[in-house]
Amino acid sequence: MVTSLWQFTERRRSRGSSRSGDARIFTELHVVMLAVVTWFCVSHPFIALSLWVCVSCCMMSWWLEKPVLFIVSVALLASSLGVRAEQAYVMLETQRYEGKVVLVDDPEPQRYGQAQFVGRIESGKRVVIDVPFALLPRNDDLAAGDTMRVKGSIKRLFDAETSGSIRSWYKSNHLVGRMTLTSVTSVEKASGLRAVPEFFRDAIDKGAFMSEGEKSLYMGLVIGDDRFQSEVQQAHFRATGITHLLAVSGQNVVLLLALAAPLLQRLPLHLRFLCVIFLLAGFGIVTRFEPSVIRAVGVAVVVAWGRLQGAQTTGLRVLLLSVTGLVLVDPFLTLSLGFRLSVAASLGIIVLAPVLMERIAVARRSAIVESVIVTISAQLFVAPLLLGFGPIPSISVAANLFVGWAAGYVMIWGSSVGVIAGLLPSWLSWLGFFVQLPVRALLWWIASAAKHLAQFQAPMLGGLALVVICGASLAWILLKRHGTIRRVFSCMAILAVVGFSIWSPTAAVFSQEESSVLWIPGDSESISVLWISADANRSDIDRFTQLDQIDLVVVETGTRQMSEHIARLQATTHVRAIWAPSNHKIKGAQRVLSTQTIKSSVGQLQINSEEKRLALVR
């Protein structure tokens, strides 16, 4: 389908026409309409027709060179594919399972001595698999592509009370059940062509020659493997808005093709295209086909096909055509937040960045100015998606400038020299250690910058601030010839940052049905209190990581999960005191053994110790 779209959009009119012979049948507006209509019809299917009928209509409208008819035909095809995807997504019921499981991703350590990964059972369905560490083989690490013969039980993945965002994540990954393993009989490592990408992934891992903390950050930057990144470091990256550096994207794909370019240029054109496809497939396997990788690989395939056809086109056209083809292949990609963020960031860089480059009048445009413009463009386009998870850190642009260049060097070094270092024999390990010293220095810089910028307590940008800033910026761009008016709008944008961006959680209204997190700010006569219930999750805690100080944190339970929540909070916020139950596992927390009374801004609060839990009453 992507091939047909490309041929159609790049085809020239050669028969008698009053228009120019090289005029495109498919304009940029048609491409935008095609992408928008396809996305909408795939995510909101309304009719299911025969696929042969839809494909025939697409081919006929392509042959007749009717853009509007082609868009309608693709819309019917998208709706039909969306309906079939929904019908095929059937949850597995509770059952016993004995057979083979193929690992789709790498096992990720969880709490309480368990690991979790996604596996494909013999019926082809994908399930989330929980397995105790004691059942996993100790002599060899499991990785995606390995096959296990197991016994276990399968149950439903979610019920009616599961939130919509979690349901969307399950569907975007095609997960239909949850399996708990009771035994692992045998393990077979990936073989054949499937083992080639794993060989290079293992080489990158073995060539690290650094501490565990450095290695976790290194693997995240090079191949997007952030499974072993500490909770504290994750909090630093989220607080500074640079988490995207650990998601492999188009920058890594460009780097891969640039490294392979000297060899690819020596091959015939068609063989070169096949080699590019092979490289991209291997790269996708190494990085586990994350949503951002799927988008980047799709764009690279469309560009490679265009080069094969000798066509020249714009970045917007390439991006929209690749997105159209990808969502037709997998309709559930529209539910993936990572995919939507990747597409939005790419749109910002392609659409807004060139306009800002042209409008900003500087005598000599430097790399720093261009980096700022690209970062701002991407941030503005992803902001509507991120606001659903809370305010956006205003320091993210500065943080990207501080660490973005270093992250780029780490990616380049790890993808080239890092692979060679991993292939060195054991008696040359000292050489690998020395060649990785520059990378270790860059990793120290990235981690230190993220830590100190996170503790800087920069203001957060909420929805109102972003609307005002975007409106003022748009007016500033459009009013190029009106210097006075542009200065007025510049002042408005600055005032918006200063006035609206200072965000803090508002005082919660106390009720007997407390929310998972209750924030009560302090005043001149009382202390600030943060109550965290047992069912609080990571996103609930992250809302409070940008506060300067919290006088008292009271936790309902003292579990390991709660300890991780508190560690993320303390990574960026000064917490003066922590109260926890008698059986807590929270470092530095004070045990509450009897009833305590707190004077807060909403009145007297009473903390009761009940059955290894704390209760909050007024």
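Read on for an overview of the structure.

**Some points on a nonpolar patch on the surface**
Right, so step 1: A contiguous nonpolar surface patch, about 610 Å² in accessible area, is contributed by L193, V196, F199, F200, F278 and L423.
Right, so step 2: Top element by residues in the nonpolar patch is helix α6 (residues 195-206). It accounts for three residues.
Right, so step 3: Tracing the backbone shows L423 in the loop between α16 (417-422) and α17 (429-435).
Right, so step 4: Residue class for L423 comes out partly exposed when judged on its relative accessible area of 46%.

**Examining the packing of helix α7 (residues 212-223) against helix α15 (residues 396-415)**
Working note: a packed helix pair is described by the angle between its axes plus the distance between those axes.
Right, so step 1: Close contact between α7 and α15 brings their axes to 8 Å; oriented N to C, the two are set at 85°. By the angle class used here, α7 and α15 are roughly perpendicular. When α7 is examined against α15, the residues Y218, L221 and V222 are found in contact with a partner set consisting of A407, V410, M411, G414 and S415.
Right, so step 2: Looking at the contact of α7 with α15, its residues break down into six nonpolar, two polar and no charged.

**So, the environment of T557**
Right, so step 1: Within the secondary structure, T557 sits in the loop between β12 (552-555) and α22 (560-572).
Right, so step 2: For T557, a relative accessible area of 9% translates into the label buried.
Right, so step 3: When the C-alpha atoms of T557 and P581 are compared, they prove to be 6.2 Å apart, with 24 residues separating the residues in sequence.
Right, so step 4: Those residues in contact with T557, other than ones at most four positions away along the chain, are A534, M562, P581, I586 and R613.

**Notes on the environment of N608**
Right, so step 1: Topologically, N608 is positioned in strand β17 (residues 603-610).
Right, so step 2: Residue class for N608 comes out buried when judged on its relative accessible area of 13%.
Right, so step 3: Filtering out sequence-adjacent residues up to four positions away, N608 remains in contact with T595, R613, L614, A615 and V617.
Right, so step 4: Polar side-chain contacts of N608 include one of 3.3 Å to the side chain of T595.

**Quick notes on the side chain of S342**
Right, so step 1: Secondary-structure assignment places S342 in helix α13 (residues 337-359).
Right, so step 2: S342 sits in the buried class, given a relative accessible area of 8%.
Right, so step 3: With near-sequence residues (within four places) excluded, S342 lies in contact with S292 and R295.

**Some thoughts on the environment of I242**
Right, so step 1: Residue position: I242 is located in the loop between α8 (231-240) and α9 (250-264).
Right, so step 2: On the basis of relative accessible area, I242 is assigned to the buried category, the value being 1%.
Right, so step 3: As a C-alpha pair, I242 and N400 span 158 residues in sequence and 6.4 Å in three-dimensional space.
Right, so step 4: Look past the residues within four positions of I242 in its chain and what remains in contact with it is F237, A399, N400, V403 and A450.

**What about the sheet that holds β17?**
Right, so step 1: Read from one edge to the other, the open sheet built from three strands follows the order β16-β17-β18, with strand pairing classed as antiparallel. Every other strand in the sheet has two partners, leaving β16 (596-600) and β18 (613-617) as the edge strands with one partner each. Averaged over all pairs of adjacent strands, the angle between strand axes in this sheet comes to 25°, irrespective of strand direction.
Right, so step 2: Relative to β18, β17 runs antiparallel, the two sharing five bridges. Its bridge partner being in β18, Q606 is matched across the sheet by V617.

Rules behind the numbers
- Residues numbered from 1 in each chain as written.
- Predicted model: local features only at pLDDT ≥ 70, side-chain atom pairs only at ≥ 80, totals over all residues.
- Heavy atoms only, no water.
- Patch = residues over 30% accessible without salt bridge, like charges linked within 9 Å, V, L, I, M, F, W, Y side chains within 5 Å.
- Areas by Shrake-Rupley, 256 points an atom, 1.4 Å probe, with all protein chains shown as cover.
- Salt bridge = Lys/Arg side-chain N within 4 Å of Asp/Glu carboxyl O.
- Helix = DSSP H or I, 4+ residues; strand = E, 2+ residues; numbered from the N terminus.
- Buried < 20%, exposed > 50% of the residue type's maximum accessible area, 1.4 Å probe, protein only.
- Axes fitted to C-alpha atoms, helices over the stretch in contact; angles between N-to-C directions.
- Parallel < 35°, antiparallel > 145°, perpendicular 65-115°, else oblique.
- Contact = heavy atoms within 4.5 Å.
- Nonpolar A, V, L, I, M, F, W, Y, C, P; charged D, E, K, R; others polar.
- Polar contact = N/O pair within 3.5 Å; in protein donor to acceptor, adjacent residues only side chain to side chain.
- Pairing = 2+ DSSP bridges.

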